[in-house]
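Fold and geometry: a report
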Amino acid sequence: MRYRFEPSRLTATPKNTVGPYKTPKHQVFTDHRSFGFSNVMLVLVILFLFLPLFVVVLYSFNASKGMRWGGFSLEWYAKLLFDSDELWRAFGNSAIIAITSALVATLLGSLAAVGVKWYRFKSRNYIQVLSFLPMVLPEVIIGISMLIFFTAVKIPLGMFSIFVAHATFNLPFVFLLVSARLDEFDFSVIEAARDLGATERQTLMRVIIPSIMPGVMSGMLMAITMSLEDFVITFFVSGPGSTTLPLYVYSMIRYGVSPVINSLSLVLILSIMVLALVFRRFLKTIAASR
Amino acid sequence: MNSHSNLKRGRRLGITYSAPMGVWLTVFFLVPLGIIILYSFLKKGLYGGVEGEFSLVAYTQMLNPNFLRVFLRTLWVTVLSTFATILLALPCGYAMARSRHQLLWLGLVIIPFWTNSLIRIYAWIAILSSEGFLNETLKALGIIGESLQLIYNQGAVITVLVYMYIPFAILPLFTTIDKFDFQLLEAARDLGASKPESIFKVLVPNIRSGIVTAVIFTFIPIFGAYTVPLLVGGKDSYMIGNIIVDQVTKTRNWPLASAFSLVITLVSTVGVVWMLVSTANERSRNRSESKVADPTGGVV
């Protein structure tokens, strides 16, 4: 029988460890009445966060075009599905860029994380600082510097320049998430695998890769969502014919409000809910990257 | 953390793995930043672009009182919104870390956070505009007779900025508080500390790095905000981000845009250095003081 490797055993979660009894966090320190100050604040902030989403969803069923309530209607959904070619083209562009840039960022970022965490070499510090900076600069700066760069080296603005920009701002996040995962990695399992007769290749495929996969997956998920979401940087580096969904939404907001945005919002919110539900195991890792 | 004791000393492999990302970020991030620095010292070209001639004009233009006013306003709005954001986010992070349903709360914070930012700003326009959700609701309830002017002013900008960046603060705070050993609070209480004392003298010092991270990740993006002041702000809500973009797209004064970008970059760098120093201090303090942290945090 082949031994099936379980990556969960590699992390330091003290699930099955024997030791002094520790009270579960929510039972420690009897301060957890449902109506305590912090709980009330949490509920209020969540309501605040969802208020705008609720409002757009409400208006998406509004028969009248303005902000006044004019009765229930599915008109804007029909329009979104059957009469919004330009919007769907923009969505297609966004999807292409999100997938390609996330793939490149995930590949380069994960490799670099392995390199930096497991090996010592001269430019290690340089790589670490370099991977940190893009995360803490405002988007406007990254967008402008890239616009000036692309113009200076005569790369035409369009799908390619957007792809490059997105891969660039996604790289640090993937690097960070995979690095965090590698920090938890227990090297003794590699030795154990080798002792038990696994070849270098088998160790890589059955031990190392499965154990860092959660980091890689959450990195890629993060990269895809950030790419789909980005407006500011894309705004600078896009050219004719490379309108992405956020750019299209922006033009709809600026040049006359269109209720189609409302119906689009519900579709997007629902897909994000599904995404969050499917990837709920990674939510904590993603939170830690912020 | 045994990654350090186990670090392999393979130089070639380490470089091979890291080089693609290193090269990519050098070419597409560092070089563009370098170009910005260079451009800020050059003369403005007639139709956008630059001429290859050294000039400090961009920096003297920056001293224009109009720009200075915008700079001070940006700083003020940023400080205010960051402060409000952190104040709201702290109890949230705490409640989430203490909750039995951490994943549920995380999901509830992340869903709006992942929703397209333009759609969220658009939603705020729908809420705040003169015939928007809030005005219509208040009118229907008979609280107000006439619509209030809720949008296109400073208040709207701050509200929406706080809204946009609260998740940026909640997530790192949650992560740090989640790692905190709550038995220390219990110990402090047992030793006679009052509840606020135990929170401010035991919890807060222990999650300092999380607070610093939250401040950095809200302060810096708000300082460079562009879309929010543009779409929900009025004439007097322009921020530095808007000026930079106008210099690029309208006035086509690239050296000035570059000079402003450089200022923001420097401000961000100072923030990041502060963050790194303060987390490094915390780590060395924890190491030097004692192996076992003082559970009372000096309360008793």
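Just so it is clear, the structure is predicted and the values come from calculations on it, not from any experiment.

Section: the overall build of chain B
- For chain B, the helix and strand inventory stands at 13 helices and two strands.
- Seen through its C-alpha atoms, chain B measures out along the principal axes to roughly 70 × 70 × 35 Å.
- Each of the 300 residues in chain B was classed as buried or not, and the buried ones make up 47%.

A short note on the overall build of chain A
- Each helix and strand in chain A was counted, giving twelve helices and zero strands.
- The order of α-helices and β-strands along chain A, N terminus first, is α-α-α-α-α-α-α-α-α-α-α-α.
- Taken across its 290 residues, chain A has 44% of its residues classed as buried.
- Restricting to contacts in chain A with at least 6 residues of sequence separation, those with at least 24 account for 81%.

Comments concerning the interface of chain A and chain B
- The partner chain B presents 95 residues to the 82 residues of chain A that form the contact.
- Ranked by the residues each element gives to the side of chain A that touches chain B, the list is headed by helix α1 (residues 37-60) of chain A, at 15 residues.
- Taken together, the residues of the side of chain A that touches chain B sort by class into 59 nonpolar, 13 polar and ten charged.

With respect to the nonpolar core
All names here are of chain B.
- Among the nonpolar cores identified, the biggest contains 161 residues, and Val160, Leu161, Ala169 and Val232 are the most heavily contacted of them.
- Among the elements that line this core, the one with the most residues is helix α7 (residues 154-179), at 17 residues.
- Leave out the neighbours within four places in its chain, and Val160 touches Ile121, Trp124, Val228 and Val232.
- With seven residues, the next largest nonpolar core counts Phe182, Leu185, Ala188 and Ala193 among its residues.

Points about helix α8 (residues 200-229) of chain A
- Compared with an ideal rise of 1.5 Å per residue, which puts 30 residues at 44 Å, α8 of chain A spans 40 Å between its outermost C-alpha atoms and is within 8% of the ideal.
- The largest bend along α8 of chain A reaches roughly 45 degrees and is located at Met213 of chain A, with the proline Pro214 of chain A sitting one to four residues downstream.

Things to note about the confidence of the model for chain A
Residue and element names in this part refer to chain A.
- This prediction gives chain A a mean pLDDT of 83; 87% of its residues lie at or above 70.
- Per-element mean pLDDT across chain A ranges from 76 in helix α12 (residues 283-288) up to 94 in helix α9 (residues 232-237).
- Confidence over residues 1-17 falls short of pLDDT 50; this stretch has twelve contacts with residues more than four positions distant or in other chains.

Here we look at the packing of helix α3 (residues 85-118) of chain A against helix α6 (residues 159-183) of chain A
Residue and element names in this part refer to chain A.
- Interhelical geometry of α3 versus α6 gives an angle of 40 degrees and a closest axis separation of 6 Å. Compared by their axis directions, α3 and α6 come out oblique. Taken as a pair, α3 and α6 cross one another with a handedness that is right-handed.
- Among the residues making up the contact of α3 with α6, the classes are represented as 18 nonpolar, nine polar and one charged.

Observations concerning the environment of Leu108 of chain A
- Mapped onto the elements, Leu108 of chain A comes out in helix α3.
- Contact partners of Leu108 of chain A, with chain neighbours within four places excluded, come to Leu171 of chain A together with Pro20, Met21 and Trp24 of chain B.

Topic: the confidence of the model for chain B
Residue and element names in this part refer to chain B.
- Averaged over chain B, the pLDDT score is 84; the fraction of residues at 70 or greater is 90%.
- Contacts from residues 1-6, a stretch scored under 50 in pLDDT, to residues over four places away or in other chains number seven contacts.
- Overall fold confidence (pTM) sits at 0.85, and the ipTM for the predicted complex is 0.85.

Some thoughts on the environment of Ser40 of chain B
Residue and element names in this part refer to chain B.
- Along the chain, Ser40 falls in helix α1 (residues 11-40).
- We classify Ser40 as buried; it has 24 C-beta atoms within 10 Å.
- Linking Ser40 and Asn64, residues 24 residues apart in sequence, is a C-alpha distance of 16 Å.

Topic: the packing of α3 of chain A against α8 of chain A
All names here are of chain A.
- Running from N to C, α3 and α8 point in directions that differ by 145 degrees, and their axes come no closer than 8 Å. Judged by the sense of rotation from one axis to the other, the crossing of α3 with α8 is right-handed. Contacts between α3 and α8 involve Ser94, Ile97, Ala98, Ser101, Ala102, Ala105, Thr106, Gly109 and Ser110 from the former and Val216, Gly219, Met220, Ala223, Ile224, Ser227 and Leu228 from the latter.
- Taken together, the residues of the contact of α3 with α8 sort by class into nine nonpolar, seven polar and no charged.

What to know about unusual backbone geometry
- One non-glycine residue with positive phi stands out, namely Lys154 of chain A, at about 60 degrees.
- With respect to the element layout, Lys154 of chain A can be found in the loop between α5 (139-152) and α6.
- With a phi angle near 55 degrees, Arg252 of chain B is a residue other than glycine that sits in the positive phi range.
- As for its placement among the helices and strands, Arg252 of chain B is situated in the loop between α12 (240-249) and α13 (254-289).
- Given 16 C-beta atoms within 10 Å, Arg252 of chain B falls into the partly exposed group.

Some details on the environment of Leu46 of chain B
- You can see Leu46 of chain B is positioned in the loop between β1 (42-44) and β2 (50-54).
- Sequence separation between Leu46 of chain B and Asn253 of chain B is 207 residues, and the spatial gap between their C-alpha atoms is 9.0 Å.

About the thresholds
Residues numbered from 1 in each chain as written. Chains lettered and ligands numbered in written order. Predicted model: local features only at pLDDT ≥ 70, side-chain atom pairs only at ≥ 80, totals over all residues. Helix = DSSP H or I, 4+ residues; strand = E, 2+ residues; numbered from the N terminus. Buried ≥ 20, exposed ≤ 12 C-beta atoms within 10 Å, placed from the backbone. Contact = placed C-beta atoms within 7 Å. Nonpolar A, V, L, I, M, F, W, Y, C, P; charged D, E, K, R; others polar. Core = buried A, V, L, I, M, F, W, Y, C linked by C-beta atoms within 7 Å. Expected span 1.5 Å × (residues − 1). Bend = angle between axes of the 7 residues up to and from the residue. pLDDT = per-residue confidence, 0-100. Axes fitted to C-alpha atoms, helices over the stretch in contact; angles between N-to-C directions. Parallel < 35°, antiparallel > 145°, perpendicular 65-115°, else oblique. Left-handed = near helix turned anticlockwise from the far one by under 90°.

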